[in-house]
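Structural overview
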Amino acid sequence: MSRIKIVGVSGGLSSPSRTLSLVQLAVERIAKAAGEAGIAVRTDVIDVASLDGIGALRARPAAAPVEAAFEAVESADLLVVGSPVYKGSYSGLFKHFIDFVDYRGLVGVPVALLATGGSDRHALAIEHQLRPLFAFFQAQPLGTGVFFTEREFADGAVAAGLAEQRFERLVEEAVHALSGRRRGARDLTGAAA
Ligand SMILES: Cc1cc2nc3c(=O)[nH]c(=O)nc-3n(C[C@H](O)[C@H](O)[C@H](O)COP(=O)(O)O)c2cc1C
């Protein structure tokens, strides 16, 4: 049986990065819940900032490891994307990576949206920035987006209470989106622009 592919993408620039840590946790939690629901998955997490030469990329094909990251995204059954909020939006490096994803590559693909920030003032960056970006791709962002400051997510753990509930709702929506999804169902050549 072919495995459903969950691909995480983090646009965090720091080291260590809270965003990368949140994306990794979300991928792990979704994979575990999918397994419990009888869905066989494999996972991959891409840390955009660690892709050699990504900032200087001007065209594809990129060097093999970077090209492999694009191909992982374009063949995902579920994307789990996260960015730190920079100046009210996703990081520039995250957008630079996404700019080189094939515009036909995410049609109909469910996308879990995550962001980390310094203050609650920019919690809606998910709705005003990330969601429209994936609408461009005709992807299917999950209804629940997760924005966490250090109050809700620190040292790799989600705070108990409302933050945890929201995170778990995102996990449930992701597993629901994966149910019945079959790899190979997407055809890049036949997708609309
Ligand atoms: C250049 C820069 C711009 C930032 N702009 C914002 C912002 O507009 N709103 C906000 O809430 N946090 C802002 N922050 C804080 C980061 O979003 C926050 O620290 C985030 O969790 C960092 O994630 P990371 O550990 O993955 O780098 C900014 C941080 C930096 C370095």
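For the structure, see preceding data.
One structure accompanies this document, and this report is about it.

The rules behind each value
Sequence positions are assigned chain by chain, starting from 1 and proceeding in written order. Local features in this predicted model are restricted to residues whose pLDDT is 70 or higher, and side-chain atom pairs enter the listing and the counts only when it is 80 or higher, whereas totals over whole chains, interfaces and linings include all residues. Counting from the N terminus, the helices are the DSSP runs of H or I reaching at least four residues and the strands are the DSSP runs of E reaching at least two. Here the radius of gyration uses the C-alpha set of atoms, whereas the globule reference equals 2.2 Å times the residue count to the power 0.38. C-beta atoms are placed from the backbone for every residue, and two residues are taken to be in contact when these atoms lie within 7 Å. Multiplying 1.5 Å by the helix residue count minus one yields the expected span of that helix. Remark: C-beta atoms are placed from the backbone, and a residue is labelled buried if 20 or more other C-beta atoms sit within 10 Å of its own, exposed if 12 or fewer do, or partly exposed between those counts. This arc describes the spread of directions from the helix axis toward the C-beta atoms. Any two strands with at least two DSSP-identified bridges between them are counted as paired. When the strands point away from the viewer and the connection leading from the first strand across the helix to the second strand turns clockwise, the crossover is called right-handed.

Take the overall build of the protein chain next. Counting secondary structure elements, the protein chain contains five helices and eight strands. Walking the protein chain from its N terminus toward its C terminus, one meets helices and strands in the order β-α-β-α-β-α-β-α-β-β-β-β-α. Its C-alpha radius of gyration of 16 Å places the protein chain within 12% of the 16 Å reference for a compact globule of 193 residues. Across the protein chain, the fraction of contacts at a sequence separation of at least 24, relative to all contacts at a separation of at least 6, is 74%.

What follows concerns helix 4 (residues 125-136). For helix 4, with twelve residues, the first-to-last C-alpha span of 16 Å sits near the 16 Å given by 1.5 Å per residue. All buried positions along helix 4 are accounted for by A125, I126, L130 and L133. Buried residues of helix 4, viewed axially, fall in a sector of 95 degrees; they line one side. Set apart from the buried face of helix 4 by more than 90 degrees, the exposed residues are H128, P132, A135 and F136. In this structure, the buried residues of helix 4 make contact with strand 3 (78-84), helix 3 (92-99), strand 4 (110-116) and strand 6 (146-148). Just beyond helix 4, the residue with positive phi is Q138, at close to 55 degrees.

Before going further, it helps to examine the pairing of strand 1 (residues 4-10). Working note: regular strand, side chains alternate between the two faces of the sheet. Among the seven residues that make up strand 1, six are buried, leaving the element largely enclosed by the rest of the structure. Examined bridge by bridge, strand 1 and strand 2 (residues 41-47) share seven bridges and lie parallel to one another. What sits directly across from V7, in strand 2, is D44. Since strand 1 and strand 2 lie parallel, the crossover through helix 1 (residues 18-36) that links them has a hand, and here it is right-handed.

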